[in-house]
Amino acid sequence: MLHQHDQRREDVESAPAAVAAPPPPALAGDAWSRRLTVRGPLTPTAFALAWLLVLVAYGFQGIVPAFNADDVMQMQNPHDVHAILAQGRWGYAWLFGVVQDSAYLPLLSTAVGALLLCCTAAIAAAVLGFELTVSRFAFVVVASVSAYYGELFSYDSTRVAVPLGNLAAVLGLAWAVRGRRVTGTVVMALAPAFYPAASELAATVLVAYALRRCARRDAP
């Protein structure tokens, strides 16, 4: 009896240990689900993709000239920026008359303008509290492509001035709501010098920011 018990014990000890089964391979859907739930700012690759999409949306403006009335007048007297200065847009006059030397840089100015729009939208997404990276990416693309911007990009001299004014307005707002009120106010004050309507963009983002804070405060 003892001999049989010892024999069974020896058989159990000599049996090969069971090998753990490998984990099942991750499904493609699970991988995409993890990507869609990543939190944080846009990665450089995602931001570059958003910029490329915006550039494609406005790229035709840099290839096919629209010959708007303002562009034709500036072609006839390219260094005359007094009309722009009379409107109080000294930043616009400085950018186009001094930095660009009243020269048209169709593709370059379109690329720079699209980049500034994407930067502005990315800052606005951070101010509004978008947490998911995919949400920020969608916001940057949707906020940077519109018929209104398409009209502004048809003017050669405003392709950089308008996005730069928007960037100054939203960047100043972002600094103001995060405690740097003096710096933010100064930067926001520069925005109308490039394009007066930039202040309206900052006001819109501010209203959305306030509504979101109220909604969070009232949430259970």
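Structural notes, computed from the coordinates. (Residues numbered from 1 in each chain as written. Predicted model: local features only at pLDDT ≥ 70, side-chain atom pairs only at ≥ 80, totals over all residues. Heavy atoms only, no water.)

### Things to note about the overall build of the protein chain
For the protein chain, the count of helices and strands is 12 helices and 0 strands. Along its sequence from the N terminus, the protein chain presents helices and strands in the succession α-α-α-α-α-α-α-α-α-α-α-α. Buried positions account for 35% of the 220 residues belonging to the protein chain. (Helix = DSSP H or I, 4+ residues; strand = E, 2+ residues; numbered from the N terminus. Buried < 20%, exposed > 50% of the residue type's maximum accessible area, 1.4 Å probe, protein only.)

### Digging into the environment of Tyr-92
Among the secondary structure elements, Tyr-92 is positioned in helix H6 (residues 90–99). Between the alpha carbons of Tyr-92 and Tyr-195 there is a distance of 7.1 Å; along the sequence they are 103 residues apart.

### Notes on the side chain of Arg-89
Turning to its location among the elements, Arg-89 is positioned in the loop between helix H5 (82–86) and H6. Apart from residues lying up to four places away in sequence, Arg-89 is in contact with Ile-84, Pro-192, Ala-193, Phe-194, Tyr-195 and Pro-196. (Contact = heavy atoms within 4.5 Å.)

### Thoughts on the pattern of salt bridges
For the structure on display, the rule yields 1 salt bridge. Arg-159 is the salt-bridge partner of Asp-156, the closest N and O atoms lying 2.8 Å from each other. Of the residues examined, Arg-159 reaches a relative accessible area of 1% and is grouped as buried. (Salt bridge = Lys/Arg side-chain N within 4 Å of Asp/Glu carboxyl O.)

### Here's the deal with the side chain of Arg-159
With respect to the helices and strands, the residue Arg-159 is situated in the loop between helix H9 (147–153) and helix H10 (161–177). Within polar-contact distance, the side chain of Arg-159 engages the side chain of Asp-156 at 2.8 Å. Setting aside residues no more than four positions away along its own chain, Arg-159 makes contact with Gln-61, Gly-62, Pro-106, Ser-109, Thr-110, Gly-113, Phe-153 and Ser-154. (Polar contact = N/O pair within 3.5 Å; in protein donor to acceptor, adjacent residues only side chain to side chain.)

### Digging into helix H7 (residues 106–128)
Look at H7: 33 Å from first C-alpha to last across 23 residues, which is about the 33 Å you get at 1.5 Å a residue. Looking at the residues trailing H7, positive phi occurs at Gly-129, about 85 degrees. (Expected span 1.5 Å × (residues − 1).)

### A word on the packing of helix H3 (residues 44–58) against helix H8 (residues 133–144)
For any two helices packed against each other, one specifies the inter-axial angle together with the distance between the axes. It is the contact of H3 with H8, at a shortest axis distance of 10 Å, that shows an interaxial angle of 20 degrees. Considering the angle they form, H3 stands roughly parallel to H8. Where H3 crosses over H8, the two elements pack in a sense that is right-handed. Counted together, Ala-46, Leu-49, Ala-50, Leu-53, Val-54 and Tyr-58 of H3 and Phe-137, Val-140, Val-141 and Ser-144 of H8 form the full contact between these two elements. For the contact of H3 with H8, the per-class residue count stands at 9 nonpolar, 1 polar and no charged. (Axes fitted to C-alpha atoms, helices over the stretch in contact; angles between N-to-C directions. Parallel < 35°, antiparallel > 145°, perpendicular 65-115°, else oblique. Left-handed = near helix turned anticlockwise from the far one by under 90°. Nonpolar A, V, L, I, M, F, W, Y, C, P; charged D, E, K, R; others polar.)

### Examining the packing of aromatic side chains
Counted under the stated rule, the structure contains 3 aromatic pairs. Both rings, one in Tyr-58 and one in Phe-153, keep their centres 4.5 Å apart while their planes meet at 15 degrees; by these two values the pair is stacked. Note that Tyr-58 is positioned in helix H3 and Phe-153 in helix H9, a separation of 95 residues in sequence. Given the relative accessible area of 2%, Tyr-58 is considered buried. Here Tyr-148 and Tyr-149 contribute two aromatic rings whose centre-to-centre distance is 5.9 Å and whose plane-to-plane angle is 45 degrees, an arrangement assigned as tilted. (Phe/Tyr/Trp six-rings, centres within 6.5 Å; stacked < 30°, edge-to-face > 60°.)

### Some thoughts on H8
Compared with an ideal rise of 1.5 Å per residue, which puts 12 residues at 16 Å, H8 spans 17 Å between its outermost C-alpha atoms and is within 8% of the ideal. For H8, the set of buried residues is Thr-133, Arg-136, Val-140, Val-141 and Ser-144. Axial view of H8: buried residues confined to an arc of 130 degrees, hence all on one face. Contacts made by the buried residues of H8 are with H3, H7 and H9. (Arc of directions from axis to C-beta.)

### What about the packing of H3 against H7?
Packing of H3 against H7 leaves a shortest axis separation of 9 Å and a crossing angle of 130 degrees. One element, H3, and the other, H7, form an angle in the oblique class. In this structure, H3 meets H7 at a crossing whose hand is right-handed. Residues Phe-47, Ala-50, Trp-51, Val-54, Leu-55 and Tyr-58 of H3 form the contact with H7, whose own contacting residues are Thr-110, Ala-111, Ala-114, Leu-115, Leu-117, Cys-118, Cys-119 and Ala-122. Split into classes, the residues belonging to the contact of H3 with H7 amount to 13 nonpolar, 1 polar and no charged.

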